[in-house]
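# Fold and contact review
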Amino acid sequence: MPLSEHEQRMLEQMERALYAEDPKFATALEGSGLRTYTRRRVYQAVAGFLVGIALLMAGMVAQQVWLSVVGFLVMLGCAVLAVTGWRKAPKPGEQQQAAGAGPQAARRQGRQKRSMMDRIDERWQRRRDEQQGGQ
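How each quantity is defined
- Residues numbered from 1 in each chain as written.
- Predicted model: local features only at pLDDT ≥ 70, side-chain atom pairs only at ≥ 80, totals over all residues.
- Heavy atoms only, no water.
- Patch = residues over 30% accessible without salt bridge, like charges linked within 9 Å, V, L, I, M, F, W, Y side chains within 5 Å.
- Areas by Shrake-Rupley, 256 points an atom, 1.4 Å probe, with all protein chains shown as cover.
- Salt bridge = Lys/Arg side-chain N within 4 Å of Asp/Glu carboxyl O.
- Helix = DSSP H or I, 4+ residues; strand = E, 2+ residues; numbered from the N terminus.
- Buried < 20%, exposed > 50% of the residue type's maximum accessible area, 1.4 Å probe, protein only.

Looking at an unreviewed UniProt entry, one finds the protein chain named Transmembrane protein, with Streptomyces lividans TK24 as its source organism.

## Thoughts on a nonpolar patch on the surface
Taken together, the side chains of V65, V69, F72, L73, L76 and V80 present a nonpolar region at the surface, about 570 Å² in accessible area. Structurally, L73 is set in helix α4 (residues 65–88). A relative accessible area of 51% means that L73 is categorised as exposed.

## Some remarks on the pattern of salt bridges
As enumerated under the stated definition, the model contains 3 salt bridges in all. For E5, the salt bridge is made with R9, and the minimal N-O distance between the two is 4.0 Å. Taken together, the positions of E5 and R9, both in helix α1 (residues 5–21) and 4 residues apart, correspond to about one turn of that helix. Here E122 makes a salt bridge to R126, at a shortest N to O gap of 3.6 Å. Placement of the pair is E122 and R126 together in helix α7 (residues 116–134), with a separation of 4 residues, close to one helical turn. You can call R126 partly exposed: its relative accessible area is 45%.

Written as structure tokens, this is what we have:
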């Protein structure tokens, strides 16, 4: 369930207060989130990719086709993990911009998430208000 506009404003104020009070602690909390997890996952996938290359080469040297196939599959799986992890990783400073941009960014983000019916209802209400105000 999404937060109301008032709750989002309160959360933004609390975040700004935390940054103002203890920026070192706030940055430590921010770094332990999704960005750190995805970065670690990408590094593990790269290491796995290197292990796959080693298995592929070992299979070729030992003339064991099954070992080469396993090495190739490990390489393929790790490449997929690295690419998906890299795409999901938020850009550096992405969370900071959203928190620091203020209510305009929150409204713009809320606007994008609203359904078509919500937008139609809002337009209808605005037109009714304009017609009542003009009479």
